[in-house]
Amino acid sequence: MDNVDIKTLTDAELWARTEALARRARAATVDLVEALAELDRRGLPSKSAYASLHDCCVHRFGMSDASAYRHIRAARAIGTFPPIAPALRSGR
C-alpha cells in the first residue's frame, strides 16, 4: 500500500485501510505457512544444517519460539488438510 499519513484519513477511510491491511496480513501469513509446509515436506531444514523446522524458523527467520510453534502447527495442519489454507486466507 502507499505511504499515507493515517492521521489525515477520515474515520471511514481509516476503517477501510485497516480492513485492507488485515486482509493482506492474513494472506501473507497463509503464504508463509504454506511455504513452511513445503520446506517441511521436502525436509529442507535438516538438509541445511538446522536441527528442525522450529530451529530454522527461530534462527533463520527470526521468529520467537511461540511464533515458530504456531506457524509450524498451522503448516502441518495445512499439509494434512489442504482446504484449511483457503479458509485461513478468507478469515474463516
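Going by the structure above, here's the rest.
Predicted model only: the values in this text are computed from it and were never measured. (Residues numbered from 1 in each chain as written. Predicted model: local features only at pLDDT ≥ 70, side-chain atom pairs only at ≥ 80, totals over all residues. Heavy atoms only, no water.)

A.B. asks: Can you break down the pattern of salt bridges residue by residue, with the values?
C.D. replies: Per the counting criterion, the structure on display carries five salt bridges. The closest approach of N and O atoms between Asp-31 and Arg-89, which form a salt bridge, is 3.0 Å. In this pair, Asp-31 sits in helix α1 (residues 11-42) while Arg-89 sits in helix α5 (residues 84-90), placing the two residues 58 residues apart along the sequence. Residue classification places Asp-31 among the partly exposed residues on the basis of a relative accessible area of 42%. Its relative accessible area of 31% is what places Arg-89 among the partly exposed residues. Linking Arg-41 and Glu-38 is a salt bridge whose minimum nitrogen-to-oxygen distance equals 2.6 Å. One end of the pair, Arg-41, and the other, Glu-38, are both in helix α1, three residues apart, so they sit about a helical turn from each other. On the accessibility criterion, Arg-41 (61% relative accessible area) is exposed. With a relative accessible area of 26%, Glu-38 lands in the partly exposed category. (Salt bridge = Lys/Arg side-chain N within 4 Å of Asp/Glu carboxyl O. Helix = DSSP H or I, 4+ residues; strand = E, 2+ residues; numbered from the N terminus. Buried < 20%, exposed > 50% of the residue type's maximum accessible area, 1.4 Å probe, protein only.)

A.B. asks: Break down helix α4 (residues 65-80) for me, with residues and values.
C.D. replies: The end-to-end C-alpha separation of α4 is 22 Å, in line with the 22 Å expected for 16 residues at 1.5 Å each. Buried within α4 are the following residues: Ser-67, Ala-68, His-71, Ile-72, Ala-75 and Ile-78. Along the axis of α4, the buried positions cluster into a sector of 125°, meaning they face one direction only. In α4, the exposed residues that point more than 90 degrees away from the buried face are Asp-65, Arg-70, Arg-73 and Thr-80. Elements in contact with the buried residues of α4: α1, α3 (53-59) and α5. (Expected span 1.5 Å × (residues − 1). Arc of directions from axis to C-beta. Contact = heavy atoms within 4.5 Å.)

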